[in-house]
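Letter by letter, the chains look like this.
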Amino acid sequence: MRYVSTRGDAPILDFGDVLLEGLASDGGLYVPDGLPTISPSDLADFAGLEYHEVATRVLAPFVAPSLSPDELALMAQDAYSTFTHTDVVPVSGLDAGEHLVELFWGPTLSFKDVALQLLGRLFEHELARRGSFMTVVGATSGDTGSAAIEACRDRAGIELVMLHPAGRVTEIQRRQMTTVDSSNIHNVAIDGTFDDCQDLVKALFADRPFRERMRLGAVNSINWARVAAQTVYYVTTAVRLGAPEWAVSFCVPTGNFGNVLAGNVARRMGVPIDRLVVATNHNDILTRTHRSGEMSISEVRPSTSPAMDIQVSSNFERLLFELGGRHGAALAADMAQFRAENSLILAPDVQAGLRADFDAGAVSEPEVAATIAAVNESDDRLIDPHTAVALTVARRDAPTGGWSTPMAVMSTAHPAKFGDAVLEATGRQPELPPALAALADREEHLTALPNDLATLRDFVTARCTR
Ligand SMILES: *Cc1c(COP(=O)(O)O)cnc(C)c1O
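Only a predicted model underlies this, so the values are computations on that prediction, with no experimental measurement involved. (Residues numbered from 1 in each chain as written. Predicted model: local features only at pLDDT ≥ 70, side-chain atom pairs only at ≥ 80, totals over all residues. Heavy atoms only, no water.)

Chemist: Any chance you could break down the overall build of the protein for me, citing the residues and the numbers?
Modeler: Scanning the protein from N- to C-terminus turns up 20 helices and 15 strands. For the protein, the spread of C-alpha atoms along the principal axes amounts to about 60 × 50 × 50 Å. Counting across all 466 residues of the protein, residues that qualify as buried make up 55%. Of the contacts made within the protein by residues no fewer than 6 positions apart, 76% connect residues no fewer than 24 positions apart. Working note: accessible area of the protein is about 18,300 Å², and carbon and sulfur atoms make up 50% of it. Put simply, the protein has 38 plus and 60 minus side-chain charges, and the middle of one group is 4 Å from the middle of the other. (Helix = DSSP H or I, 4+ residues; strand = E, 2+ residues; numbered from the N terminus. Buried < 20%, exposed > 50% of the residue type's maximum accessible area, 1.4 Å probe, protein only. Contact = heavy atoms within 4.5 Å. Areas by Shrake-Rupley, 256 points an atom, 1.4 Å probe, with all protein chains shown as cover. Lys, Arg positive; Asp, Glu negative; His and termini not counted. Charge placed at Lys NZ, Arg CZ, Asp CG, Glu CD.)

Here you go:
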């Protein structure tokens, strides 16, 4: 398998390079130059396999020749043994007939773990193979930070520096990060906002000598390995709900478009997926683009589903590349225009492709709360606000007579992670799972720093130099 950039002007790489590189040198994102196929008989075989075995079968072609299937199998088994549900990604039914795909049984209780638990192991393996090391630097407003820390803690060859805005993440989210006691994990509370943290990280990456000396790397959602790892639960869920005989549809709460893009990849590989429904909160750039054909940025407004409070969905570029017929130079020109004008009108065939392959809907905050309350009432069960965004769209936007296939709704976080919003909507406080309850008594490890680049650079150098 070879990987090409969506902007057509970066070296063609194999999996190991793409894994460590992240962003392509032309500013584009790496995608495979062709997809492997999953046949109906593969799907029939998968019914009898464990999650990590399906992961190995589905992912082996993506990681070859950098990794052998046997090496991958060991990493997948180890990664998914950290999940506390025996099915890894179980599927449960709701009274009204939808299915919830429970993506929150990993160490930090959000769907980020499904990809990052594998990614940390892939990094460690690839770095060892090269005799190399990397310094991962990231900024987080919540979920990604703790999932990245759990993925990288104690891994040879990796130092991880995670910035968060002091006082602006929830106590649970902070403790999930700062109570990790590993010598290669460095939490930094910046006296500033999340945007300040992101600007500091960007400035570190822009300092070329520093970047090369420290071998800076990222675990952000544009890494192809994350998208690939997320295709696996589309496969296992489809099989559980009747594939290869029957098709299934998915509704996906969406921010950076990584999760739902993985669904589209699974469909293109041959998994019988009918509708893919993109669900956004009131930060609705994707829904507006789907409806009007114009992608235009507007102000981010905070919501109860903060992992989806974004302005631009970075992985959407990968879809535009496919829908536009894989013309890198043309997409590069489009993205330059989008950057300059904060707006881009998609070509008519791209618009048509988007509407043919996806549905989309945006949800208001009162709708989110009403759905959380409705499920508490009908099913005596609590769902988190991100899940509620998707379930609202799956219910509200169903065609007359209902969806023509089973509808699987991606449940991306444990309700206890967003307990305040759940309490507000239902009057019930979600019970903290043992892993979270234990955090209250643990010692925190973090360094408070001012919003200052030179100070941060010195800190990273002092902590991470080998
Ligand atoms: C990251 C995240 C999302 C959004 O996923 P994307 O891949 O960015 O679309 C949704 N829900 C939760 C809980 C998340 O952490």
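Chemist: I'd like a description of the nonpolar core, backed by residues and values.
Modeler: Within soluble globular proteins, side chains that are nonpolar tend to cluster in buried spots. Ranked by size, the top nonpolar core spans 102 residues in total, and within it Val58, Tyr80, Trp224, Tyr233, Tyr234, Phe250 and Phe257 carry the most contacts. For this core, the element with the highest residue contribution is helix H10 (residues 224-240), accounting for 11 residues. When residues of this core are assigned to domains, at least three map to each of domain 1 (91-107 + 227-426) and domain 2 (133-220 + 433-466). Setting aside anything within four residues of it in sequence, one finds tyrosine 80 in contact with Tyr51, His52, Ala55, Val88, Val114, Leu118 and Ala229. With 23 residues, the next largest nonpolar core counts Ile372, Ile383, Ala394 and Trp403 among its residues. (Core = buried A, V, L, I, M, F, W, Y, C linked by side-chain atoms within 4.5 Å. Domains from an automatic or database assignment.)

Chemist: Explain the side chain of arginine 318 to me, and be specific about the residues and the numbers.
Modeler: The topology assignment puts arginine 318 in helix H13 (residues 316-323). Polar contacts involving the side chain of arginine 318 include one to the side chain of asparagine 315, which spans 2.6 Å. Ignoring any residue separated from it by four or fewer positions in sequence, one finds arginine 318 in contact with Thr6, Leu29, Tyr30, Val31, Ser221, Ile222, Asn223, Trp224, Val227 and Leu261. (Polar contact = N/O pair within 3.5 Å; in protein donor to acceptor, adjacent residues only side chain to side chain.)

Chemist: Please give an account of the environment of aspartate 143 that cites residues and values.
Modeler: Tracing the sequence through the fold places aspartate 143 in helix H6 (residues 143-152). The spacing of aspartate 143 and leucine 109 is 34 residues in sequence and 8.9 Å in space, taken between C-alpha atoms. Residue contacts for aspartate 143: discarding those within four places in its chain leaves Ser110, Lys112, Gln173, Ala307, Lys417 and Phe418. Within the structure, the side chain of aspartate 143 is placed 3.0 Å from the side chain of lysine 417, a separation counted as a polar contact.

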